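Below are the chains, spelled out letter by letter.
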Amino acid sequence: MERSFGLVGAGIMGKGLTRNLLAQGFELSVFDSDPAAMERAAGMGARPANGLAGLCAATTTIGTCLQSIDAIRAVYLGPDGLIANAREGSVLVDFSTSDPAVTRELAEQAAVRSVQVIDAPMLRMEQHAWEGTIVLLVGGPEEVVERCRPAFEAVSERFVHCGPVGAGHTFKLLNNVNGLCMHAMYAETFALATKLGVDLDRLLEVLSSGMSNSTILGALSKRILTGEDGPVFATEVALKDVSLFAKLAADTKSPSLLASATREVYQLTTLLGYGDKDVVSVGAALRSISLGERAG
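1. Looking at the overall build of the chain
(1) Moving on: Helix and strand content of the chain: 15 helices and nine strands.
(2) Moving on: Its C-alpha radius of gyration of 20 Å places the chain within 12% of the 19 Å reference for a compact globule of 296 residues.
(3) Moving on: Along the first, second and third principal axes, the C-alpha atoms of the chain reach 65 × 45 × 35 Å.
(4) Moving on: A separation threshold of at least 6 residues defines the contact pool for the chain, and within that pool the share at least 24 residues apart is 66%.

As structure tokens, this is what we get:
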């Protein structure tokens, strides 16, 4: 694989990809619609690209790190998109969390122009992306995955080849819904405990000591105690992920009872004005309802 790479999206997770690709000696070109993200990436040593067409002119291997399906479609499709402008033989890697059906659709359209699309969504959080300790769930042909191995190894602790195109996104949704369901339950537990007047620090100690303990409890739910709600994993992004799981279940005529209930929790939290806040805001939303307070 050539030691050049293009990246669309240098935000919360993308800045970590930027840092580690540069640290491993890649010539990196970056495009982001946010000028601040572009400036930060340039400060790290990346080359700012003149739009998506400019990125395609700079390299034949491009990754995308985007927050919504609409953004993914906008970047990949249309006369100014990656598929239309990528050179023959290019590989487009979607690091985002997306709909496997959309991924396969993009791959089919790209193949018409002799361009490959594969998926490589990320496990873990912003800190891990920065440290290069994320895990990638990769979907695509073996030979294309091997072509991208140097880039994958540059940004991750390891990568798992899950199967054909779309398999990475399928595995990511199966993973995320479990964590999001657990977090919603923790938030509900702390909301009820607040109304009961329970000592929340003591409750956390109890939950951490038994079978209810989990990585989610340590990494996310503990922040409920401090009210910290900076944009680590936005509620609206969590809503997207659970909705995609529910769609996947519906498409295969499979039940998704707990996922559907969890989706309503994140939908409610978003409607109460916490969409751009971290998922720990689910707790604040539920407490505001339980205590009859106005959501902030």
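2. A look at the pattern of salt bridges
(1) Moving on: Taken as a whole and assessed by the stated rule, the structure comprises ten salt bridges.
(2) Moving on: In this structure, Lys 15 and Glu 126 form a salt bridge, with 2.8 Å as the shortest nitrogen-oxygen distance. Of this pair, Lys 15 sits in helix α1 (residues 14-23) while Glu 126 sits in helix α7 (residues 126-131), and the two are 111 residues apart along the sequence.
(3) Moving on: Its relative accessible area of 21% is what places Glu 126 among the partly exposed residues.
(4) Moving on: The network of salt bridges with common partners includes Asp 99, Lys 247 and Asp 251.

3. Regarding the packing of aromatic side chains
Given two aromatic rings, one states the distance between the centres and the angle between the planes to describe the pair.
(1) Moving on: For the structure on display, the rule yields three aromatic pairs.
(2) Moving on: When the ring of Phe 95 is compared with that of Phe 152, the centres are 6.4 Å apart and the planes differ by 80°; the resulting orientation is edge-to-face. Here Phe 152 lies in helix α9 (residues 149-155) and Phe 95 lies in the loop between β5 (91-94) and α6 (100-111), a separation of 57 residues in the sequence.
(3) Moving on: The buried category is assigned to Phe 95, whose relative accessible area is 3%.
(4) Moving on: Following the ring pairs from residue to residue traces out a cluster consisting of Phe 95, Phe 152 and Phe 159.
(5) Moving on: Across from the ring centre of Phe 26, 4.0 Å away, lies the NZ or CZ of Arg 3, which sits over that ring.

4. Points about the packing of helix α14 (residues 257-274) against helix α15 (residues 281-290)
(1) Moving on: Two numbers describe how α14 lies on α15: the axes approach to 9 Å, and their chain directions differ by 80°. Classified by the interaxial angle, the pair formed by α14 and α15 is roughly perpendicular. Note on element contacts: α15 touches α14 through Ser 281, Val 282, Ala 284, Ala 285 and Ile 289, opposite Val 265, Tyr 266, Leu 268, Thr 269, Leu 272 and Tyr 274.
(2) Moving on: Looking at the contact of α14 with α15 residue by residue, the class counts come to nine nonpolar, two polar and no charged.

5. What to know about the nonpolar core
(1) Moving on: Within the largest apolar cluster, 32 residues are counted, with the highest numbers of intra-cluster contacts made by Phe 95, Leu 136 and Phe 152.
(2) Moving on: Listed by contribution, the elements that provide at least two residues to this core are β1 (4-8), α1, β2 (27-31), α2 (35-44), β5, β8 (134-139), α8 (142-147) and α9.
(3) Moving on: Top contributing element to this core by residue count: α9, with four residues.
(4) Moving on: Not counting the four nearest positions on each side in its chain, Leu 136 is found in contact with Phe 95, Ala 120, Pro 121, Met 122, Phe 152, Val 155, Ser 156, Arg 158, Phe 159 and Val 160.
(5) Moving on: Core analysis: the second largest hydrophobic core is formed by 24 residues, Tyr 76, Val 102, Ala 107 and Leu 173 among them.

6. Looking at the environment of Ala 219
(1) Moving on: Tracing the backbone shows Ala 219 in helix α12 (residues 215-219).
(2) Moving on: Given the relative accessible area of 47%, Ala 219 is considered partly exposed.

7. Considering helix α13 (residues 235-251)
(1) Moving on: In this model α13 runs 24 Å from its N-terminal to its C-terminal C-alpha over 17 residues, within 8% of the 24 Å that 1.5 Å per residue would give.
(2) Moving on: Inspection of α13 places Thr 235, Val 237, Ala 238, Leu 239, Lys 240, Asp 241, Val 242, Leu 244, Phe 245, Ala 246 and Ala 249 among the buried residues, and these make up the whole buried set.
(3) Moving on: Contacts made by the buried residues of α13 are with α4 (69-76), α10 (167-196), α14 and α15.
(4) Moving on: Lys 253 sits one or two positions beyond α13 and adopts a positive phi of about 55°.

8. Side note on the state of the cysteines
(1) Moving on: Scanning the model with the defined rule gives zero disulfides in all.
(2) Moving on: Sulfur of Cys 148: no disulfide; nearest cysteine sulfur belongs to Cys 56 and is 15 Å away.
(3) Moving on: Note on Cys 181: no disulfide assigned, nearest cysteine sulfur contributed by Cys 162 at a separation of 20 Å.

9. A short note on the side chain of Ser 256
(1) Moving on: For Ser 256, the location among the structural elements is in the loop between α13 and α14.
(2) Moving on: Using a relative accessible area of 14% as the deciding quantity, one classes Ser 256 as buried.
(3) Moving on: For Ser 256, the residues in contact, after removing those within four places along its chain, are Phe 245, Ala 246 and Ala 249.

Rules of the game
- In this convention, every chain numbers its residues from 1, walking through the sequence in written order.
- Local features in a predicted model are, by the rule used here, given only for residues with pLDDT of at least 70; side-chain atom pairs are given and counted only at 80 or more, and totals for whole chains, interfaces and linings are based on all residues.
- Excluded from the side-chain calculation are hydrogens and water; included are all heavy atoms of the structure.
- The way it works is that DSSP assigns letters per residue, a run of H or I at least four long becomes a helix, a run of E at least two long becomes a strand, and they are numbered from the N terminus.
- Radius of gyration here is computed from C-alpha atoms only, and the compact-globule reference equals 2.2 Å multiplied by the residue count raised to the power 0.38.
- In this description, contact between two residues means that some pair of their heavy atoms is separated by no more than 4.5 Å.
- Any Lys or Arg side-chain nitrogen found within 4 Å of a carboxyl oxygen on Asp or Glu counts as a salt bridge.
- Using a 1.4 Å probe on the protein chains alone, a residue whose accessible area is under 20% of its type maximum counts as buried, one over 50% counts as exposed, and one in between counts as partly exposed.
- Between 30 and 60 degrees the pair is tilted, below 30 it is stacked and above 60 it is edge-to-face, where a pair is any two Phe, Tyr or Trp rings, Trp via its six-membered ring, whose centres lie within 6.5 Å.
- By the criterion adopted, a ring carries a charge over it if an Arg CZ or a Lys NZ lies within 6 Å of its centre and within 35 degrees of its normal.
- Only the contacting stretch of a helix is used when fitting its axis, a line to C-alpha atoms as for every element, and angles between N-to-C directions run 0 to 180 degrees.
- Each angle gets one of four labels, with under 35 degrees taken as roughly parallel, over 145 as roughly antiparallel, 65 to 115 as roughly perpendicular, and the rest as oblique.
- Three residue categories are used. Nonpolar comprises Ala, Val, Leu, Ile, Met, Phe, Trp, Tyr, Cys and Pro, charged comprises Asp, Glu, Lys and Arg, and polar comprises the others, including Gly.
- Working definition of a nonpolar core: buried Ala, Val, Leu, Ile, Met, Phe, Trp, Tyr and Cys residues. They are joined through side-chain atoms within 4.5 Å.
- By definition here, a helix of n residues has an expected span of 1.5 Å times n minus one.
- Whenever a pair of cysteine sulfur atoms sits within 2.5 Å, that pair is classed as a disulfide.

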